[in-house]
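Below, each chain spelled out in residue letters.
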Amino acid sequence: MHKKTILFTIELSDRELFPKCLLAIEMIKAGFRVYIGTFRSIHETRNRIKSCIFFHKSSYVRRIQQYRRAMGAVVAIMDEETGVAIPAHRMTDFCHERFGKLPSQDYDYIFTIGEGYRSRLSALKNLDGVKILATGWPRIDLWREEYSVIHQKKLEEIRQQHGDYILFISSFGFTSRTGYEFKLKRAPSESRIRALHNTFNALNNYIELISRLAAETREKIVVRPHISESIEEWKSIFSAYPNVTVCREGDVAPWLLGATGGVITYRSTVTLQAALNGIPTVQYKINDIDGIDDVPVFKVSKCVETYEEVVSHLNRYKTNAERDELRLQAIEVLRDDVSSLSGQTAANKIA
């Protein structure tokens, strides 16, 4: 029996390899031959494969037509930037920015995190004929309790090295006024400009918050910067606080599971991962941002205005029963935004 070949591209192995392996297992069960590789390695196979499914990690344009010709590629994409950190009122503009120029004749499938993106992408005329499905993501499958054993060894290493800590997940995209102004000049729309203004204000508020926490509580704080941010700049910002560690090592999951003091974050998808594991999260001074109530990552965390509220919420959920309550609440709140939080996995649906 001839097996259909499927190619998965990955860019950052720490973040993407486990989910792709989970998806690969389901594909193998369904009868596919699976290759997982970097952009370069996949490109180098183009003359050796005559028929395949090219499964890409984003709304990819470069070389798509070449792959369709050279490898007979059916093209499927799962754009993990189209996540749950975007306000519902901006999702239509966001989908236009990322997908509005994709020619439908070059694409066959788009798999979305939930129904919100599926409905908006389906409304784009340039995607007529593309199969757009709300399946959820394999990355979120791995947040389920049954997969936590994957991270146990690394979790034990982290606990041994760092003990108890509060985890600060940074997701601003820049760490200085210079970075903010650079992005501002390249903003494609008024809604994007407003979002950058909000993010810059939030950056300053969070720096002030983390500095005060470090000074007054003396608790260990681990700062995990977004991939687009400079680790060295974050280290410089908190250089006066010996109890603050800046680290972007490995997958975020074991660091999250080890955050006995809870999580502080701004807009990051990791907020969902924390909530679905019953870990309390705080978002700080964001209530005045227009449309913030319709962002899933804010729905499942505590949005507070004062330093005292931050400390109070992070100290509130300590028992297993309290954390189970948080987890069940998160599943219910996210039901319309994220597919496959329970029951059949996203990986299985995609396969």
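Definitions and limits used
- Residues numbered from 1 in each chain as written.
- Predicted model: local features only at pLDDT ≥ 70, side-chain atom pairs only at ≥ 80, totals over all residues.
- Heavy atoms only, no water.
- Helix = DSSP H or I, 4+ residues; strand = E, 2+ residues; numbered from the N terminus.
- Buried < 20%, exposed > 50% of the residue type's maximum accessible area, 1.4 Å probe, protein only.
- Contact = heavy atoms within 4.5 Å.
- 1 Å grid on protein atoms, 1.4 Å probe; cavity = no way out; pocket = protein on both sides within 12 Å on 5 of 7 lines; lining within 4 Å.
- Points joined across faces, edges and corners; volume = space filled by probe spheres on them.
- Nonpolar A, V, L, I, M, F, W, Y, C, P; charged D, E, K, R; others polar.
- Patch = residues over 30% accessible without salt bridge, like charges linked within 9 Å, V, L, I, M, F, W, Y side chains within 5 Å.
- Areas by Shrake-Rupley, 256 points an atom, 1.4 Å probe, with all protein chains shown as cover.
- Salt bridge = Lys/Arg side-chain N within 4 Å of Asp/Glu carboxyl O.
- Pairing = 2+ DSSP bridges.
- Axes fitted to C-alpha atoms, helices over the stretch in contact; angles between N-to-C directions.
- Parallel < 35°, antiparallel > 145°, perpendicular 65-115°, else oblique.

Asker: How should I be thinking about the side chain of Thr265 in this particular structure?
Answerer: Looking at where Thr265 falls in the secondary structure, it is placed in strand β10 (residues 263-265). Judged by its relative accessible area of 1%, Thr265 falls in the buried class. Apart from residues lying up to four places away in sequence, Thr265 is in contact with Ile169, Tyr206, Thr271, Val282 and Gln283.

Asker: Would you explain empty space enclosed by the protein in this entry?
Answerer: Here the idea is plain: a probe the size of a water molecule rolls over the atoms and shows the empty space left. Tallying each qualifying case throughout the model produces three cavities of 30 Å³ or more. Computed from the structure, the largest cavity encloses a volume of approximately 50 Å³. Classifying every residue of the lining of the largest cavity by side-chain character gives five nonpolar, four polar and one charged. Lining the second largest cavity we find Arg15, Glu16, Pro19, Lys20, Met78, Glu80, Pro138 and Arg139. Contributions of two or more residues to the lining of the second largest cavity are made by α1 (13-29) and α6 (138-141). Looking at which element gives the most residues to the lining of the second largest cavity, the answer is α1, with four residues.

Asker: Just checking my understanding: could you explain a nonpolar patch on the surface for this structure?
Answerer: On the surface, a cluster of nonpolar side chains totalling about 280 Å² of accessible area is made up of Phe18, Val149 and Ile150. Following the sequence through the fold, Val149 ends up in the loop between α6 and α7 (152-162). Its relative accessible area of 60% is what places Val149 among the exposed residues.

Asker: What exactly am I supposed to notice about the sheet that holds strand β5 (residues 109-112) here?
Answerer: The strands making up a sheet associate through hydrogen bonds between their backbones, and the pairing can be parallel or antiparallel. Strands sit in the order β2-β1-β3-β4-β5-β6 across an open sheet of six strands; the sheet is parallel. Edge strands, defined here as strands with exactly one partner in the open sheet, are β2 (33-37) and β6 (131-134). The sheet shows a mean angle of 20° between the axes of neighbouring strands, taken without regard to direction. Across two bridges, the pairing between strand β4 (residues 73-77) and β5 is parallel. Across the sheet, Ala76 pairs through a bridge with Tyr109, a residue of β5. Across the sheet, helix α3 (residues 64-71) lies against β1 (5-9), β3 (52-56) and β4, angled at about 140° from β4, the strand it touches most.

Asker: I keep staring at the layout of surface pockets and nothing clicks. Help me out?
Answerer: Size it by volume and the second largest pocket reaches roughly 450 Å³. Looking at the second largest pocket, it is lined by 18 residues, and the ones nearest its centre are Leu257, Asn277, Asn320, Arg323 and Asp324. Looking at the lining of the second largest pocket, the elements with two or more residues in it are α7 and α15 (320-333). Per-element tally for the lining of the second largest pocket: the top contributor is α15, with four residues.

Asker: Looking at this model, I keep getting lost on the packing of helix α8 (residues 177-185) against helix α9 (residues 190-217). Mind explaining?
Answerer: Pairs of packed helices are described in terms of their axes, by the angle between the two and the distance that separates them. Contact geometry of α8 with α9 gives a least axis separation of 10 Å together with a crossing angle of 175°. For the element pair α8 / α9, the angle class is roughly antiparallel. Listed contacts from α9 to Arg177, Tyr180, Lys183 and Leu184 of α8 are Ile193, Leu196, His197 and Phe200. Among the residues forming the contact of α8 with α9, the class breakdown is five nonpolar, one polar and two charged.

Asker: Help me out: how do you make sense of the sheet that holds strand β9 (residues 244-246) in this one?
Answerer: On the basis of which strands lie adjacent, the open sheet formed by six strands has the order β9-β8-β7-β10-β11-β12 and parallel pairing. Each of the sheet's edge strands pairs with one partner strand only, and the pair in question is β9 and β12 (302-304). With direction set aside, neighbouring strand axes in the sheet form an average angle of 25°. Of the strand pairs in this sheet, strand β7 (residues 166-169) and strand β8 (residues 221-224) are connected by four bridges, and their pairing is parallel. By the bridge assignment for β8, Leu167 is matched with Val222. On the sheet, helix α14 (residues 307-314) packs against β7, β10, β11 (281-284) and β12 and is oriented at approximately 170° with respect to β11.

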